[in-house]
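# Descriptive analysis of the structure
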Amino acid sequence: MREMRRKDREIQDPARINEIIRSCFCCRLGFQDGEDVYIVPLNFGFEEQEGRRVFYFHGALEGRKIDLVRSKGRAGFELDRGYELKEGELPCQYSARFQSVVGWGRVSMIEEEKEKQHALRMLMDHYTGRKNWEFPENMMKQMGIFKLEVEEISCKEHE
């Protein structure tokens, strides 16, 4: 794990990191695509399994994002909340209040029906607080569902 430069802003408590993740509404994934970087904002679901964090996503069955999930197998991610500009008298005195979570991990398509349903339930739980959703078979066949298993994560807070 890489060291954070500003140790005074680092959050290491796993429960606090999870609380920040759960309060975010958008997870941005970044993929290396040749010489380019492709970044996409996504709705997500989240859980911790046996001490490992897992993010769940869905989208169309084809397109650049799904092609990169299938071909690269790795992605970076970023989430943030609470941005507030802190004004100063001089330009260099301006700052911002925020909390952010960044990291990377392995991405993979979910193929098994039961795991797909679980992933979608985690996604719906994140936004609605409910897990007891049923998903029509025809809808499931039209979705690409994938996960990111976190390998490295860091969390920062600037008050």
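In the block above lies the structure referred to throughout.
These remarks concern the structure in this document. Model, not experiment: these values are computed from the prediction. Each chain has its residues counted from 1, following the order in which its sequence is written. Only residues with pLDDT of 70 or above have their local features reported here, since the model is predicted, and side-chain atom pairs are shown and tallied only from 80 upward, although totals for entire chains, interfaces and linings are computed over all residues. Only hydrogens and water are set aside when side-chain values are computed; all heavy atoms of the structure are taken into account.

## Describing the pattern of salt bridges
Where charged atoms from two side chains of opposite charge come close, those side chains can pair. Rules: A side-chain nitrogen of Lys or Arg and a carboxyl oxygen of Asp or Glu constitute a salt bridge if their distance falls within 4 Å. Strands here are runs of E lasting at least two residues and helices are runs of H or I lasting at least four, both read from the DSSP assignment and numbered beginning at the N terminus. Partly exposed describes any residue whose relative accessible area lies between the buried limit of under 20% and the exposed limit of over 50%, with all areas from a 1.4 Å probe on protein chains only and scaled to the type maximum.
Throughout the structure, instances matching the rule amount to 11 salt bridges. Salt-bridge contacts for Glu151 lead to Arg74; the nearest nitrogen and oxygen are separated by 2.7 Å. With Glu151 in strand S8 (residues 144-158) and Arg74 in strand S6 (residues 74-86), this residue pair connects regions lying 77 residues apart in the sequence. On the accessibility criterion, Arg74 (32% relative accessible area) is partly exposed. Of the charged contacts in the structure, one is a salt bridge between Glu134 and Arg121, with a shortest N-O distance of 3.5 Å. Residue Glu134 is found in the loop between helix H3 (113-128) and helix H4 (137-141), and its partner Arg121 is found in helix H3; the two are separated by 13 residues along the sequence. For Glu134, a relative accessible area of 63% puts it in the exposed group. Through salt bridges with shared partners, a single network forms among Arg16, Glu19, Arg81 and Glu157.

## Comments concerning the nonpolar core
Threshold: Take the buried residues of types Ala, Val, Leu, Ile, Met, Phe, Trp, Tyr and Cys, join any two whose side-chain atoms come within 4.5 Å, and each joined set is a nonpolar core. Whether two residues are in contact is decided by their heavy atoms, any of which lying within 4.5 Å being enough.
The biggest cluster of nonpolar side chains holds 28 residues, and the ones touching the most others in it are Leu29, Phe55 and Phe77. Taken together, the elements giving at least two residues each to this core come down to helix H1 (14-22), strand S2 (27-33), strand S3 (36-42), strand S5 (52-59), helix H2 (64-72), S6, strand S7 (95-109) and S8. No other element matches the five residues that S8 contributes to this core. Those residues in contact with Leu29 that lie beyond four places of it in its chain are Tyr38, Ile39, Val40, Leu42, Phe57, Gly76, Phe77, Phe146 and Leu148. Residues Val54, Ala119, Phe135 and Ile145 belong to the second largest nonpolar core, which totals 10 residues.

These values are about where atoms sit, not about what they do.
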